[in-house]
Amino acid sequence: MKSSPARATTLLPAKGTLMTIRGFHLGQRFAAIFLALFVFALLPQRSHAQTELVVTDYGGSFEDGWRKSVVEPFERAHPDIKIKLVQKLVFESMALMRAQKDDVKIDVFMMDEVGAAQAAAEGLVQPISVKTVPHLAELYPAFRVPGDSFAKFMFDASVIAYNTQQVSPAPQSYKDFWNPNYSGRIAINNLDSATGLSFFLMLLKTEGATMDHTDPAFAAMKKLKPAIVTFPEQHAQLAQLFTQGDIVMAPWTSDRTLLLASKGIPIAFVIPKEGGIIQEGGLVIAKGTRKLQAAQLYVNFALSVEAQAANAKFTFLSPTNSKVVLDPQTAAKIPNGLNAIKALTHPDWKKANELRPQWIDRWNREVTQ
Amino acid sequence: MQSWSAKPPRSLAPWALLAPNLLLLLLCLAGPLLLLGRISLMGYEAGHGMIPIWQLSNYSKFFFDPFYRAILGGTFLLGAEVTALCLLLGFPLAFALSRARGLQRAILYFCILMPLLTSTVVRTFGWMILLGNNGFINHTLLRFHLIASPLHLMYNVTGVIIALGEVLLPFMVLSIDTSLLNINPSYYEAARNLGARGPRIFFRITLPLALPGIVSGCVLVFTGTLSAFVTPTLIAGARIKVMSTIIYQQAMALLDWPFGSAIAFTLLLAILILFAATLRFSERRRTS
């Protein structure tokens, strides 16, 4: 295969004179070579004895922790399964699940509750059970979903992240964003991101608004508009803004704040007095996967005590498994345990999801314009 | 080559050579575009998914809403601004490049291509470090008391123009360079013999003959700006809305593929119309 194109090119210097080779027209020969290459490229690679399980994760610094806590130990425990990690953001995953419906390429998706619930509603998920994923039984009851359509493997809290050197005293309330001292030094995530949505839902509560009557929240945002440096959409942008000192305060999540703090940035978080939203991460098995058993083993492993304790230590994800015992240092940092879970607000995501397009449209016109 | 074209019935070779590319283009461009066109005519209900009907309401939603029309206009304005910046900076550079010879040209060429050697995301984060309120530029200017308060270079359209101008500049320079190199030096000698001076030579010979390169450079930069996504998102955030970012928002964040597809198709159509107009214009110039 390799020698043919090389031979063809050695014939090229004789351009125009040597038109036929062994009775073949040069063009036909080229065509044959290209066709052969093309067919070769389309042939399926020789299958390995190993099963390759394709799973998504959030990428970046999250992925470093996930590799250490889940992927590597899992592969050690199951030498016949190889994990291939693909980076996907929640809503990208959703789009992909729809697109691959008839020919599943990615077996397990990592998505937040909003995405996972939507995927379940569209019939794109393969439900699990205590029989296929035994560790499900160890989860706090609050983390079981109807029909066990997916597995919640972690949670974090929506918080106010602040620069510990520039903001003192520490913020106590969402109202502190309106403090003129911090004008021009805050960022508010755009409403189309999960962090932005959680902030908006807390804002509804703070401003005495409801999902059906959002006017007070929008009025408050219009007032805040001039104080906002930018409306980021990605965690990496917020990390950059805090690191460079362009902002000193922003709504964020507990795990991401701690991750940045662990890199030496003077940053901490508070769950303000109005509370915080619980944000849960789910593992969703794609309906129609050809590696169902391996996928179930993987999900089960991610729910295990060992994996969740490691996740808490490396990437500050709060465990959903009630049997996890954290080391005192980690336990002091991250929201964990039944009381912490109960203190966080669990919004009606289904309703929020249905109203979100409307809110975003209004946000686009009134807040970020 | 000539012997092939002289015998059209037997010249399978060009087709054979084109076949893999054509096949790829058909599979990866025409197919998805058709699908996109179909999706743009469907309906959508939040929380439930797409509804397979035929309708034009996604397009009317776009065109009857001044909010979206303003985004289309703003995107074209941004394209024009970046193109103007690239032309202004690119022409002198291309002129210098076309005059340089040997090693000097090689070094200059490499420097001009440099922006294309890093990935968009890395380059954009680099710009964020330079342009931020506490970034390198503001820090330096403040340090030397050249400005009293930080210049707002990030999170607005200024930053986007700067960052896009940097990466698209090579396309402008290389297009103009090619057409400048194609000008026969004897034209200049003839003009000088006839007593023309620098500015006159420039406006009567250099500029008109470089026009094809300028036009193709402008088209490349303009369409490059219109399709840019990472740079406006990271540099400006949600404050600056361009077509690519609202397509992303509809398709990815809101999962409203039908409306997202309709916006994408509108952008494609607008670019095609512009292309056709430009081609007509340059063709007419050539024939007249």
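Cut-off values and rules
- Residues numbered from 1 in each chain as written.
- Chains lettered and ligands numbered in written order.
- Predicted model: local features only at pLDDT ≥ 70, side-chain atom pairs only at ≥ 80, totals over all residues.
- Heavy atoms only, no water.
- Helix = DSSP H or I, 4+ residues; strand = E, 2+ residues; numbered from the N terminus.
- Buried < 20%, exposed > 50% of the residue type's maximum accessible area, 1.4 Å probe, protein only.
- Contact = heavy atoms within 4.5 Å.
- Areas by Shrake-Rupley, 256 points an atom, 1.4 Å probe, with all protein chains shown as cover.
- Expected span 1.5 Å × (residues − 1).
- Bend = angle between axes of the 7 residues up to and from the residue.
- Phe/Tyr/Trp six-rings, centres within 6.5 Å; stacked < 30°, edge-to-face > 60°.
- Pairing = 2+ DSSP bridges.
- 1 Å grid on protein atoms, 1.4 Å probe; cavity = no way out; pocket = protein on both sides within 12 Å on 5 of 7 lines; lining within 4 Å.
- Points joined across faces, edges and corners; volume = space filled by probe spheres on them.
- Nonpolar A, V, L, I, M, F, W, Y, C, P; charged D, E, K, R; others polar.
- Domains from an automatic or database assignment.
- Buried area = accessible area lost by both parts, 1.4 Å probe.
- Polar contact = N/O pair within 3.5 Å; in protein donor to acceptor, adjacent residues only side chain to side chain.

A. Structural view of the overall build of chain A. From N to C terminus, chain A includes 14 helices and 10 strands. Looking at chain A as a whole, 54% of its 369 residues are labelled buried. The long-range share in chain A, meaning contacts at least 24 apart out of those at least 6 apart in sequence, stands at 74%. A total accessible area of about 16400 Å² is found for chain A, and carbon and sulfur atoms account for 56% of it.

B. Summary view of helix α3 (residues 60–77) of chain A. Residue and element names in this part refer to chain A. For α3, with 18 residues, the first-to-last C-alpha span of 25 Å sits near the 26 Å given by 1.5 Å per residue. Along α3, the largest kink reaches about 50° and is centred on Arg67. Along α3, the positions that sit buried rather than exposed are Phe62, Glu63, Gly65, Trp66, Ser69, Val70, Val71, Pro73 and Phe74.

C. The packing of aromatic side chains, seen in detail. All names here are of chain A. Throughout the structure, instances matching the rule amount to 23 aromatic pairs over all chains. Here the aromatic rings of Phe62 and Trp66 are separated by 5.9 Å at their centres, their planes lie at 20°, and the arrangement is stacked. Of this pair, Phe62 and Trp66 both sit in helix α3, separated by 4 residues, roughly a single helical turn. Of the two residues examined, Phe62 and Trp66, each falls in the buried class.

D. Main features of the pairing of strand β9 (residues 278–285) of chain A. Residue and element names in this part refer to chain A. Burial runs high along β9: 8 of the 8 residues are buried. Because side chains alternate across β9, one face comprises the buried residues Ile278, Glu280, Gly282 and Val284, and the other comprises Gln279, Gly281, Leu283 and Ile285, equally buried. Looking at chain direction, strand β6 (residues 151–163) and β9 are connected through 6 bridges and run antiparallel. Within the sheet, the bridge partner assigned to Ala151 lies in β9 and is Leu283.

E. Expanded view of the layout of surface pockets. Roughly 1400 Å³ of internal volume is contained in the largest pocket. If you go around the largest pocket, you meet 50 residues; those closest to its centre are A:Leu89, A:Glu233, A:Gln234, A:His235 and A:Ala236. Tallying contributions element by element places helix α8 (residues 235–244) of chain A first for the lining of the largest pocket, with 5 residues. Approximately 580 Å³ is the volume attributed to the second largest pocket. Put simply, the parts of the chain that give the lining of the second largest pocket at least two residues each are α4 (90–99) of chain A together with α2 (13–39), β2 (49–51), α12 (243–253) and α13 (257–287) of chain B. When residues in the lining of the second largest pocket are grouped by element, the largest group, 5 residues, is from α12(B). Broken down by class, the residue content of the lining of the second largest pocket amounts to 15 nonpolar, 5 polar and 4 charged.

F. Region of the structure containing the domain arrangement of chain B. Residue and element names in this part refer to chain B. Split into domains, chain B comes out as domain 1 (81–240) and domain 2 (242–288). Each of domain 1 and domain 2 has a C-alpha centre, and the two are 23 Å apart. Counting residues at the interface gives 12 residues for domain 1 and 10 residues for domain 2. Across the domain 1 to domain 2 interface the summed buried area is about 1000 Å²; carbon plus sulfur atoms make up 82%. Scanning the region where domain 1 abuts domain 2 turns up 1 residue pair in polar contact (both at pLDDT 80 or more). Listed by contribution, the elements that provide at least two residues to the side of domain 1 that touches domain 2 are α10 (198–227) and α11 (230–236). At 7 residues, α10 tops the list of elements feeding residues into the side of domain 1 that touches domain 2. Looking at the side of domain 1 that touches domain 2, its residues break down into 9 nonpolar, 3 polar and no charged.

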